Amino acid sequence: MKTSKLTSFIFGALILGVIIGWLFPSFAVKLDPLAKIFLNMIKMIIAPLLFSTLVVGIAGHGDIKSLGKIGLKTIIYFEIVTTIALLIGLAMGNLVQPGVGVVVNASAHDMQAAQHLATINTSNSLSGMIIGMFPTSVVKAMADGNLLQIVIFSLFFAVAICAVGKAAKPVLDVLNSTAKIMFKFTEYVMYFAPVGILGAVASAIGSNGIGVLKSYGKVIFCLYAALAIFIGLVLHGVCSIVRVPFWKLMGALKDQILLAFTTSSSEAALPKSMEIMEKFGVPRNIVAFVMPTGYSFNLDGSTLGVAVAVLFSTQIVGINLNFEQQLVMMLALMFASKGIAGVPRVSLIVLAGTLTTFNYPIVGVAILLGIDHILDMARTVTNLIGNSIATVVIARWEGQFDDEKMQKYISKEKRRKELLAYFSSKRQQQKNNQLVNEG
């Protein structure tokens, strides 16, 4: 399916999903399995794709000495950007005060769900988080979709291949072929994307109703505005520093951004995004290492979202945190957000755990359950954009970014758009001529 057609089908599915969810809510809720099937298909791809691309990217180059430098630079960049995201979230929460004046009652069912979220283990120790990075079984890590554990296993596997040398070449050839097959496999799965998006959007609107946007308008506006500021100022600024055209990169990722937004799933956009970033000039080994690692350590959108949610949850019960309390809370959030990447409702789990730790009421979590999907749509897009830009930053920092490859990609996209515009105008001209002749 050509990119332009896929974009049109995805956007059409989004509009149709909203209409069905609004007009036929009871039917729309039944479409949720379509979304789950699509997301399961994506999860089916990720483990073999990530394993093969990362091993080939590292072992194929034979440069294992640079791994330590890349890893250190990646973590430094992630921590800096994540901290900025957290500060922006707190600043916007203090400015807009999304919880002040909002009167929404939480149902008993939602309160029970919130209490359950607060009990989920969020790896509250540094040693526990580090131990959790290393898989006891790579098969289990792949089955669970634990990206960080797959990365760790792949790194050791690649180093071992380099150490063995020529005897391991047949294995490397197989993995190279596997990577190519998985990228083609991804294209086939993307054919189902519009159907999955239709189910996701329709069921979300059908479950919550259009009216939820009005009831929770203040907190939705606060989060979306904060994320827009973060993307527009911070991530755009980062692209300027590393000399990469921000809007050209966004154009290259537009389908994946739309996919992430509509499905609220970073995993849905990960396989194709990795392929795009490689075509955009980032070496395969950096793409395969930085992007999946980012979904454990660089959840910019989720971190910012939790900062806003904490202030909303305290403000709604009449608690005004002073600067010192917010600073302590920020440090707790920075740590808590690292340990549970890939867990469903990750932001709400972090929020519930943090509020419970500081003995604050968790009624805000129960209230946010109703709009978590809407909030997660924007958070997921920010996570995707942030991790994609991170690959460019690390590649440039390592002196490995391919500017020539980027320019070729941009030129190719420009020519494609020009051809589409030309044929579109020709078809319109033919229709006009036909109308004139018929008249």
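Let us look at the structure shown here. Just so it is clear, the structure is predicted and the values come from calculations on it, not from any experiment.

## Comments concerning the overall build of the protein
- Each helix and strand in the protein was counted, giving 22 helices and 0 strands.
- Looking at the 439 residues of the protein, the share that counts as buried comes to 52%.
- Put simply, 85% of the contacts in the protein that link residues at least 6 apart link residues at least 24 apart.
- On the protein, roughly 20,300 Å² of surface is accessible, and the fraction owed to carbon and sulfur atoms is 65%.

## Some words on empty space enclosed by the protein
- Tallying each qualifying case throughout the model produces 2 cavities of 30 Å³ or more.
- When its volume is computed, the largest cavity comes out at roughly 90 Å³.
- Taken together, 13 residues make up the lining of the largest cavity; nearest its centre are Gly 305, Ala 309, Leu 368, Leu 375 and Arg 379.
- When contributions to the lining of the largest cavity are tallied by element, the ones reaching two or more residues are helix H12 (217–241), helix H17 (300–315), helix H19 (346–357) and helix H21 (372–397).
- For the lining of the largest cavity, the element with the highest residue contribution is H17, accounting for 4 residues.
- Its residues placed into classes, the lining of the largest cavity shows 9 nonpolar, 2 polar and 2 charged.

## As for the pattern of salt bridges
- Counting across every chain of the model gives 12 salt bridges.
- Ionic pairing is found between Arg 379 and Asp 376, a salt bridge with its closest N-O pair at 3.2 Å. Note that Arg 379 and Asp 376 are positioned in helix H21 at a spacing of 3 residues, about one turn of the helix. Asp 376 matches Arg 379 in its accessibility class, with the two residues each being buried.
- Residue Glu 404 pairs with Lys 408 through a salt bridge whose shortest N-O separation is 3.7 Å. In this pair, Glu 404 and Lys 408 both sit in helix H22 (residues 403–438), 4 residues apart, roughly one turn of the helix.
- Given the relative accessible area of 55%, Lys 408 is considered exposed.
- Connected through salt bridges with shared partners, the residues Lys 272, Glu 275 and Lys 279 form a single ionic network.

## Some details on a nonpolar patch on the surface
- A surface patch of nonpolar side chains, about 820 Å² in accessible area, is lined by Phe 11, Ile 15, Ile 19, Trp 22, Leu 23, Phe 24, Phe 27 and Ile 210.
- In terms of residues, the nonpolar patch owes the most to one element, helix H1 (residues 3–23), which gives 5 residues.
- Along the chain, the position of Ile 19 falls in helix H1.
- You can call Ile 19 partly exposed: its relative accessible area is 39%.

## Some details on the packing of helix H3 (residues 32–59) against helix H9 (residues 169–190)
- Where H3 contacts H9, the axes come no closer than 8 Å and their chain directions differ by 150 degrees. Here H3 lies roughly antiparallel to H9, going by the angle between them. Between H3 and H9 lies a crossing of left-handed hand.
- Within the contact of H3 with H9, the residues separate by chemical class into 18 nonpolar, 5 polar and no charged.

## Focus on the packing of aromatic side chains
- The full count for this structure, using the stated rule, is 9 aromatic pairs.
- Relative to Phe 78, the ring of Tyr 77 has its centre 6.3 Å away and its plane inclined at 55 degrees; by these criteria the two rings are tilted.
- On the accessibility criterion, Tyr 77 (9% relative accessible area) is buried.
- Classification of Phe 78 by relative accessible area gives buried; the value is 0%.
- By way of ring pairs, the aromatic residues Phe 51, Phe 153 and Phe 157 are connected into one cluster.

## Details of the nonpolar core
- Within the largest apolar cluster, 141 residues are counted, with the highest numbers of intra-cluster contacts made by Tyr 77, Phe 230, Leu 235, Phe 280, Leu 304, Leu 368 and Ile 389.
- Apart from residues lying up to four places away in sequence, Ile 389 is in contact with Tyr 77, Leu 235, Val 238, Cys 239, Phe 246 and Leu 249.

## A closer look at H9
- The first and last C-alpha atoms of H9 sit 32 Å apart over 22 residues, in line with the 32 Å expected at 1.5 Å per residue.
- Turning to H9, its buried residues number three or more, namely Leu 172, Leu 175, Ala 179, Met 182, Phe 183, Thr 186, Val 189 and Met 190. The buried residues of H9 occupy an angular sector of 125 degrees when the element is viewed end-on, so they sit on one face. Set apart from the buried face of H9 by more than 90 degrees, the exposed residues are Pro 170, Val 174, Lys 180 and Ile 181.

## Points about the packing of H12 against H21
- The contact between H12 and H21 brings their axes to 10 Å, and the two run at 10 degrees. On the basis of their axis angle, the class for H12 and H21 is roughly parallel. Contact residues: Val 219, Ile 220, Leu 223, Tyr 224, Leu 227, Phe 230, Ile 231, Leu 235, Val 238 and Cys 239 in H12; Ile 374, Leu 375, Met 377, Ala 378, Arg 379, Thr 382, Ile 385, Gly 386, Ile 389 and Val 393 in H21.
- Taken together, the residues that form the contact of H12 with H21 break down as 17 nonpolar, 2 polar and 1 charged.

Procedures and definitions
- Residues numbered from 1 in each chain as written.
- Predicted model: local features only at pLDDT ≥ 70, side-chain atom pairs only at ≥ 80, totals over all residues.
- Heavy atoms only, no water.
- Helix = DSSP H or I, 4+ residues; strand = E, 2+ residues; numbered from the N terminus.
- Buried < 20%, exposed > 50% of the residue type's maximum accessible area, 1.4 Å probe, protein only.
- Contact = heavy atoms within 4.5 Å.
- Areas by Shrake-Rupley, 256 points an atom, 1.4 Å probe, with all protein chains shown as cover.
- 1 Å grid on protein atoms, 1.4 Å probe; cavity = no way out; pocket = protein on both sides within 12 Å on 5 of 7 lines; lining within 4 Å.
- Points joined across faces, edges and corners; volume = space filled by probe spheres on them.
- Nonpolar A, V, L, I, M, F, W, Y, C, P; charged D, E, K, R; others polar.
- Salt bridge = Lys/Arg side-chain N within 4 Å of Asp/Glu carboxyl O.
- Patch = residues over 30% accessible without salt bridge, like charges linked within 9 Å, V, L, I, M, F, W, Y side chains within 5 Å.
- Axes fitted to C-alpha atoms, helices over the stretch in contact; angles between N-to-C directions.
- Parallel < 35°, antiparallel > 145°, perpendicular 65-115°, else oblique.
- Left-handed = near helix turned anticlockwise from the far one by under 90°.
- Phe/Tyr/Trp six-rings, centres within 6.5 Å; stacked < 30°, edge-to-face > 60°.
- Core = buried A, V, L, I, M, F, W, Y, C linked by side-chain atoms within 4.5 Å.
- Expected span 1.5 Å × (residues − 1).
- Arc of directions from axis to C-beta.

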